[in-house]
Amino acid sequence: MPPRHPVTLNEPGRAELLMGNEAIARGALEAGVRVAAAYPGNPSSEIIETLARASDPKRLHVQWSVNEKVALEVAAGASFFGLRALAAMKQNGLNVAYDFLTNLNLCGVKGGLVVVVCDDPGGISSSNEQDTRFMARLTDIPLLEVSGFENARDMVRYAFDLSESTGSVFMVRSVTRISHGRGPVTFGPLPEISGNPRFEPGEAFTPFPILAKHERRHEVLKGLEETFSASPFNTYTGPDDPELIVVTSGIGVLFSEEALDLLEVRDRVGIARMGTTWPLPLTWIGNILEKSTRFLVVEEVDPFIENNLKEFLGGNTRRFGTKTVYGKASGHIPSVGGLAPEHVIGALETLLEVSYEPRPRAYIRLVKEKTSGLVIDRALGFCPGCPHRASFWAIKNALAKDGRKGIVTGDIGCYAMAMWPSGYSVAKTLQAMGSGIGVAAGMGILDTMGKDQPVIAVCGDSTFFHAAIPALVNTRFNTSPFVTIILDNSATAMTGFQPHPGTGMTCMGQSVDPIEVEDICRSIGFAVKTLDPFDLPATEAAVLEALRADRPQVLIFKRTCALLALKETGKAYRMRVDAERCIGEACGCDRYCTRVFKCPGLIWNPETEKAEIDEAICTGCGVCADICPERAIHREILS
Amino acid sequence: MSAFRCPYNLIIAGVGGQGNVLISQLIARAFIRKGYRAVVGETYGVSQRGGSVMSHVRIVEEGAVGPIIPPGLGDLVLGLEPMETLRILKAYGNPDIHVITNTRPISPVDVIAGNLSYPDLDAIFEAITTLSGKAWTLNASDMAMEMGSSLFTNMIMVGAMLGTGIVPLTMEDFVVILQTYAKPEGFDANRSALQKGFDIIKATE
Ligand code: SF4
Ligand code: SF4
């Protein structure tokens, strides 16, 4: 992100290019948010990063919380004292916060409380592509969906106002294509911040009596059906009696608009853009449904609007007669993955019996012919100089020497790539934050039933604080013999290096005493050993020793993330491959360093049949010098 | 040479870590400053670690346009890596598309490992030329290394784009953007990188 960013300036009328997440943050600032909390997770992280730029202990508190549930609790605390508060999270994060959210919703809120959830259709930077909209409906929470950049800013402001006036938590859903896209936003004014937080006598926020509170939720939703029907976020453009109406939300809106233009079918097709998707804006949608007999629903990821429309139509057959709803169930729009403009174009081509091809056939043939075999995939891998590569190298070798076919349970973070060749494919399971240790604990106990394969759980430092501590306590309490390895790279690297309790710095720039992973593990009762994974022989020996123990073990591999290290300290070594010594194909069943170790800084030169260092990519970590059996890779210390 | 018309669809193609997210923003800002509207669509996530990354920059005179370019509708590809440039042409190319590409390849993990080989570079350049209305090539990476860091590659590429004259932005327009949004410490070096890219294209025209 550019260091000088005007997103927090109080300059109404100024037009700036904002990322969707920045626009969401801007909306919160324009709404007078006082507390904002989140745990980093793509594609949501930049919301808090942006708000942090405007933070100030007297006016706006911003924090990275240890996990999403705590973030939402922090936001709720502020709301109970009458301040506007925001919690942001990715789709997986909502699951973590959900237990609290389902109860919070019954309790009601005082200061406007907005939960922004950024879904990741296609799972571009996630372990799944969960559509969280169902979770809003599941627990009676009003839901808005952003569909553009300025729209995102406006919608967050609107959500704060309605949250406060209805005493309800509001959910605003964004998706990767908007959160991580950028577009122009014209700034509105930032309000004066005033008023002290206050908890009035007689106030209480509890879910009791449960039935009355539940009833109250239904009343609120009922009222919102009408409020939403008049909302500026639901609009229709098109003929009065179109042969088809595209009903769409989120990124589907802009994709559908473009498809209608490219196919030149505006005179035949209408477009209904839905910004408020739960509860259904009954009056508005009823009018739309009366305009036509055929509807195409374009949304990401699951058929949420589609099913809700069908339910509404099904309950009102006398009013609506026979209508056809196309979308995911009919196969016109893909039922998995993120949307792309071509999906809408394709569906409209079929439904309207028109055809569209922007490129001449001859060109398409030429593309096939000319590119065949010339474009290969790029597998994901650890960065050059990444400490995880060294860690998994040591783990892989220790498991091989141990010889009992041990396995590794993986976890969420950069090191999840240990399931792929870059991490020597050692990790065999991957679920949720912190679950590597929990799953390993379930494997460890099988020793008494005859299991003889050792288990290693890996867990990052940020993940450790987020969700691994209970699993580790469980491991000790129920004595499950396996090895926990905490890969401490002093960063939440995957999501962009946000501070966490171990880094000693908050996002408001305050220094605090770092909480040491090692101290926590010791206090649970583990004799912890801390190693530098760049010291390959010592690391491998420690893993091997831990594998042979019959009680749970904890090792910490401590080494700063390569990206951070490069930024902070620069290259440690200049590397060179001694061509005389490099034995190339003959080395360790051919090309040991490039084929097996696989740091992108080391390249195989097929002409000389020797390894080489790629100066532009090597970060000078020095590790490969240790793996070369011929001692052909040399390091020279740089000052 | 075809005229600049809106929506103008520019694609920046590269590999995670090359910094194309940053230049896509700077280019979009330069257009906004000239009175256009611009949106940027990014594909990144775990892509900071070696995957293909593309940014779409779409410029319109007014109204809104989606952040993702529909297939076949590219107007200009700014390729930071040759194979990535060709990857973009497969999906977004058309007979009129313009291409400016860096010639320095970055090997995928499988090539580094020696499991696959990097496709024939000459064939890649030939394909790029055949599949575009006009193509410019330059070794921006080596030029950047000569300046002391591969980080200047992008600015050289942007300079080259300005040098071709195909987009309505001048060196001055971009210098203002650097002054406003880039780190002041890097300003002089970035400006000279911009100039180098500009000059090398001017010299070959
Ligand atoms: S020193 Fe070796 S292992 Fe480290 S980044 Fe350079 S090539 Fe990779
Ligand atoms: S970002 Fe850091 S931790 Fe993640 S792969 Fe790169 S070097 Fe490793």
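Procedures and definitions
- Residues numbered from 1 in each chain as written.
- Chains lettered and ligands numbered in written order.
- Predicted model: local features only at pLDDT ≥ 70, side-chain atom pairs only at ≥ 80, totals over all residues.
- Heavy atoms only, no water.
- Pairing = 2+ DSSP bridges.
- Helix = DSSP H or I, 4+ residues; strand = E, 2+ residues; numbered from the N terminus.
- Axes fitted to C-alpha atoms, helices over the stretch in contact; angles between N-to-C directions.
- Contact = heavy atoms within 4.5 Å.
- Core = buried A, V, L, I, M, F, W, Y, C linked by side-chain atoms within 4.5 Å.
- Buried < 20%, exposed > 50% of the residue type's maximum accessible area, 1.4 Å probe, protein only.
- Domains from an automatic or database assignment.
- Near = heavy atom within 4 Å.
- Nonpolar A, V, L, I, M, F, W, Y, C, P; charged D, E, K, R; others polar.
- Disulfide = S-S within 2.5 Å.
- Buried area = accessible area lost by both parts, 1.4 Å probe.
- Salt bridge = Lys/Arg side-chain N within 4 Å of Asp/Glu carboxyl O.
- Polar contact = N/O pair within 3.5 Å; in protein donor to acceptor, adjacent residues only side chain to side chain.
- 1 Å grid on protein atoms, 1.4 Å probe; cavity = no way out; pocket = protein on both sides within 12 Å on 5 of 7 lines; lining within 4 Å.
- Points joined across faces, edges and corners; volume = space filled by probe spheres on them.
- Parallel < 35°, antiparallel > 145°, perpendicular 65-115°, else oblique.

Participant: Residues and numbers for the sheet that holds strand β3 (residues 61-64) of chain A, please.
Facilitator: Residues and elements named next belong to chain A. Spatially, 7 strands are ordered β3-β2-β4-β5-β7-β6-β12 in an open sheet, and the strand pairing comes out mixed. Of all the strands in the sheet, just β3 and β12 (276-278) have a single pairing partner and so form its edges. Across the sheet, the axes of successive neighbouring strands diverge by a mean angle of 20 degrees, strand direction being ignored. The pairing of strand β4 (residues 85-90) with strand β5 (residues 113-119) spans 6 bridges and is parallel. Along β5, the bridge assignment pairs Leu-86 with Val-114. Running over the sheet, helix α4 (residues 91-107) touches β4, β5 and β7 (170-175) and is turned about 140 degrees from β4.

Participant: If you had to explain the nonpolar core to someone new, which residues and values would you point to?
Facilitator: All names here are of chain A. Ranked by size, the top nonpolar core spans 70 residues in total, and within it Leu-51, Leu-86, Val-116, Leu-296 and Leu-348 carry the most contacts. Of all the elements, helix α6 (residues 149-166) adds the most residues to this core, at 8 residues. Built from parts of two domains, this core gets at least three residues from each of domain 1 (6-229) and domain 2 (235-352). Those residues in contact with Val-116 that lie beyond four places of it in its chain are Ile-24, Ile-47, Leu-86, Ala-87, Ala-88, Met-89 and Val-172. In this structure, Leu-531, Leu-602, Val-623 and Ile-627 belong to the second largest nonpolar core, which totals 50 residues.

Participant: Give a description of the site of ligand 1 that names residues and reports values.
Facilitator: Around ligand 1, a shell composed of 14 residues is seen, among which Cys-599, Cys-618, Cys-621, Gly-622 and Cys-624 of chain A lie nearest. Across the shell around ligand 1, the residue classes tally to 9 nonpolar, 5 polar and no charged.

Participant: I'd like to hear about the state of the cysteines, residue by residue, with values.
Facilitator: One pass over the full model with this rule turns up 0 disulfides over all chains. The thiol of Cys-521 of chain A is not disulfide-bonded; the next cysteine sulfur, from Cys-459 of chain A, is found 8.8 Å away.

Participant: Describe the sheet that holds strand β13 (residues 294-298) of chain A, naming the residues involved and giving the relevant values.
Facilitator: All names here are of chain A. If you trace the 5 strands from one edge of the open sheet to the other, you get β9-β11-β10-β13-β14, paired in mixed fashion. In the strand order of this sheet, the two ends are held by β9 (235-237) and β14 (324-326), each with one partner. When strand polarity is set aside, the average angle formed by the axes of neighbouring strands in this sheet is 20 degrees. In the packing of helix α11 (residues 304-314) onto the sheet, the strands contacted are β10 (244-248), β13 and β14, and the crossing angle to β14 comes to about 170 degrees.

Participant: An account of the pairing of strand β3 (residues 52-60) of chain B is needed here, citing residue identities and associated values.
Facilitator: All names here are of chain B. Counting buried residues in β3 gives 7 out of 9 residues, a clear majority hidden from the surface. The pairing of strand β1 (residues 8-15) with β3 spans 8 bridges and is antiparallel. Residue pairing in the sheet places Val-15 in a bridge with Ser-52 of β3.

Participant: I'd like to hear about the interface of chain B and chain A, residue by residue, with values.
Facilitator: With 75 residues of chain B at the interface, the matching set in chain A holds 64 residues. For the pairing of chain B and chain A, the buried interface totals around 5,700 Å² over both sides, and the portion due to carbon and sulfur atoms is 62%. The interface formed by chain B and chain A contains 7 salt bridges. Asp-614 of chain A is paired through a salt bridge with Arg-104 of chain B; the nearest N and O atoms lie 3.5 Å apart. On the surface where chain B and chain A come into contact, there are 16 residue pairs in polar contact (both at pLDDT 80 or more). When residues in the side of chain B that touches chain A are grouped by element, the largest group, 8 residues, is from helix α2 (residues 82-92) of chain B.

Participant: Any chance you could break down the side chain of Ser-55 of chain B for me, citing the residues and the numbers?
Facilitator: All names here are of chain B. Locating Ser-55 in the fold gives a position in strand β3. Within polar-contact distance, the side chain of Ser-55 engages the side chain of Glu-42 at 2.7 Å. The contacts of Ser-55, once residues within four sequence positions are left out, are Leu-10, Ile-11, Ile-12, Asn-20, Val-21, Ser-24, Gly-41 and Glu-42.

Participant: Summarise empty space enclosed by the protein; cite the residues concerned and give the values.
Facilitator: All names here are of chain A. What the rule picks out here adds up to 5 cavities of 30 Å³ or more. In this structure, the largest cavity occupies an estimated 100 Å³ of space. Along the walls of the largest cavity sit 16 residues, with Cys-582, Cys-587, Cys-593, Ala-611 and Cys-628 positioned nearest its centre. Here the residues of the lining of the largest cavity are counted per class, giving 12 nonpolar, 1 polar and 3 charged.

Participant: Could you give me a rundown of the environment of Leu-18 of chain A, with the residues and numbers involved?
Facilitator: All names here are of chain A. Looking at the secondary structure, you find Leu-18 in strand β1 (residues 15-19). Considered as a pair, Leu-18 and Val-185 are 167 residues apart in the sequence and their alpha carbons are 6.4 Å apart. Once residues within four sequence positions are removed from consideration, Leu-18 is found in contact with His-5, Val-7, Ala-23, Arg-26, Phe-149, Gly-181, Arg-182, Gly-183, Val-185 and Phe-187.

Participant: Could you give an account of unusual backbone geometry, with specific residues and numbers?
Facilitator: Residue Phe-208 of chain A is joined to Pro-209 of chain A through a cis peptide bond whose omega torsion reads -5 degrees. Inspection of the secondary structure puts Pro-209 of chain A in the loop between β8 (182-186) and α8 (210-229).

Participant: Lay out the domain arrangement of chain A in plain terms, naming residues and giving numbers.
Facilitator: Residue and element names in this part refer to chain A. Here the domain parsing of chain A yields domain 1 (6-229), domain 2 (235-352), domain 3 (387-568) and domain 4 (571-637). Of note, the centres of domain 3 and domain 4, computed from C-alpha atoms alone, are 27 Å apart. At the junction of the two partners, domain 3 supplies 10 residues and domain 4 supplies 12 residues. Interface area for domain 3 against domain 4, summed over the two sides, is near 980 Å², with a carbon-plus-sulfur share of 73%. When residues of domain 3 are sorted by the area they lose upon contact with domain 4, Arg-389, Trp-393 and Phe-534 head the list and together hold 51% of the total. On the surface where domain 3 and domain 4 come into contact, there are 0 salt bridges. At the surface where domain 3 touches domain 4, the tally comes to 2 residue pairs in polar contact (both at pLDDT 80 or more). Broken down by element, the side of domain 3 that touches domain 4 gets its largest block of residues, 4 residues, from helix α15 (residues 387-402).

Participant: Residues and numbers for the packing of helix α6 (residues 153-164) of chain B against helix α7 (residues 171-181) of chain B, please.
Facilitator: All names here are of chain B. Contact pair α6 / α7: the axes reach a minimum separation of 10 Å and the direction vectors enclose 150 degrees. Classified by the angle between their axes, α6 and α7 sit roughly antiparallel to one another. Contacts between α6 and α7 pair Met-155, Val-158 and Leu-162 from the former with Met-171, Phe-174 and Leu-178 from the latter. Of the residues in the contact of α6 with α7, the class split is 6 nonpolar, no polar and no charged.

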